[in-house]
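# Understanding the architecture of this molecule
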Amino acid sequence: QVQLVESGGGLVQPGGSLRLSCATSERIDNLYGIMWYRQPPGKQRELVAAMTANGSTRYADSVKGRFTISKDNAKKTVYLQMNNLKPEDTAVYYCNLHPSYGPSWWGQGTQVTVSS
């Protein structure tokens, strides 16, 4: 089973920034897709950002212009840069990596709390 290790969550004030990281020991340059999801308290998990194999990206309307998904193949790490954070961004964030075959890999989740 492939292990993903997430980090970078925490408590931040509205308007602040965080960068989430998702590290693995596996190659990520040949992934079919990379996703970040979040699950706010008492709500369903939702897709926040995605990157396809050719590098194209898409974002949920609620985070467009504030969040950026990226990856560093050499470090085998994917990132979610989150700027201008709002209280409604409070959630547990999960990375989800899709290899070209087989089941996808999930991170353990990292808590992001936006509060003054």
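Everything below is about the structure printed above this text.
### With respect to the environment of Thr57
Here Thr57 is to be found in strand E6 (residues 57–59). Once the C-alpha coordinates of Thr57 and Ser70 are considered, the two residues, 13 residues apart in sequence, prove to be 8.9 Å apart. Residues in contact with Thr57, not counting those within four places in the same chain, are Ala50, Met51 and Ile69.

### Observations concerning the packing of aromatic side chains
Taken as a whole and judged by the stated rule, the model has 2 aromatic pairs. Between Tyr37 and Trp106, the aromatic rings sit 5.3 Å apart at their centres with planes inclined by 45 degrees, giving tilted as the arrangement. In this pair, Tyr37 sits in strand E4 (residues 33–39) while Trp106 sits in strand E10 (residues 105–106), placing the two residues 69 residues apart along the sequence. Classification of Trp106 by relative accessible area gives partly exposed; the value is 37%. Between Tyr94 and Trp106, the aromatic rings sit 6.5 Å apart at their centres with planes inclined by 80 degrees, giving edge-to-face as the arrangement. Taken as a pair, Tyr94 in strand E9 (residues 91–98) and Trp106 in strand E10 lie far apart in primary sequence, 12 residues in all.

### Topic: the side chain of Ser21
Turning to its location among the elements, Ser21 is positioned in strand E3 (residues 18–24). Residue Ser21 is classed as buried on the basis of its relative accessible area, which comes to 14%. Residue contacts for Ser21: discarding those within four places in its chain leaves Val5, Glu6, Ser7, Trp36, Thr77, Val78 and Tyr79.

### A few points about the pairing of E4
Counting buried residues along E4, 6 of its 7 residues qualify, which places the element largely inside the surrounding structure. Pairing geometry for E4 and strand E5 (residues 46–52), over 6 bridges, is antiparallel. Counterpart to Trp36 in the pairing with E5 is Ala49. The hairpin formed by E4 and E5 contains 6 residues between the paired strands, and Gly42 there has a positive phi angle of roughly 75 degrees. Across 7 bridges, the pairing between E4 and E9 is antiparallel. Residue Met35 lies in a different strand from E9, and its bridge partner there is Asn96.

Definitions and limits used
- Residues numbered from 1 in each chain as written.
- Predicted model: local features only at pLDDT ≥ 70, side-chain atom pairs only at ≥ 80, totals over all residues.
- Heavy atoms only, no water.
- Helix = DSSP H or I, 4+ residues; strand = E, 2+ residues; numbered from the N terminus.
- Contact = heavy atoms within 4.5 Å.
- Phe/Tyr/Trp six-rings, centres within 6.5 Å; stacked < 30°, edge-to-face > 60°.
- Buried < 20%, exposed > 50% of the residue type's maximum accessible area, 1.4 Å probe, protein only.
- Pairing = 2+ DSSP bridges.

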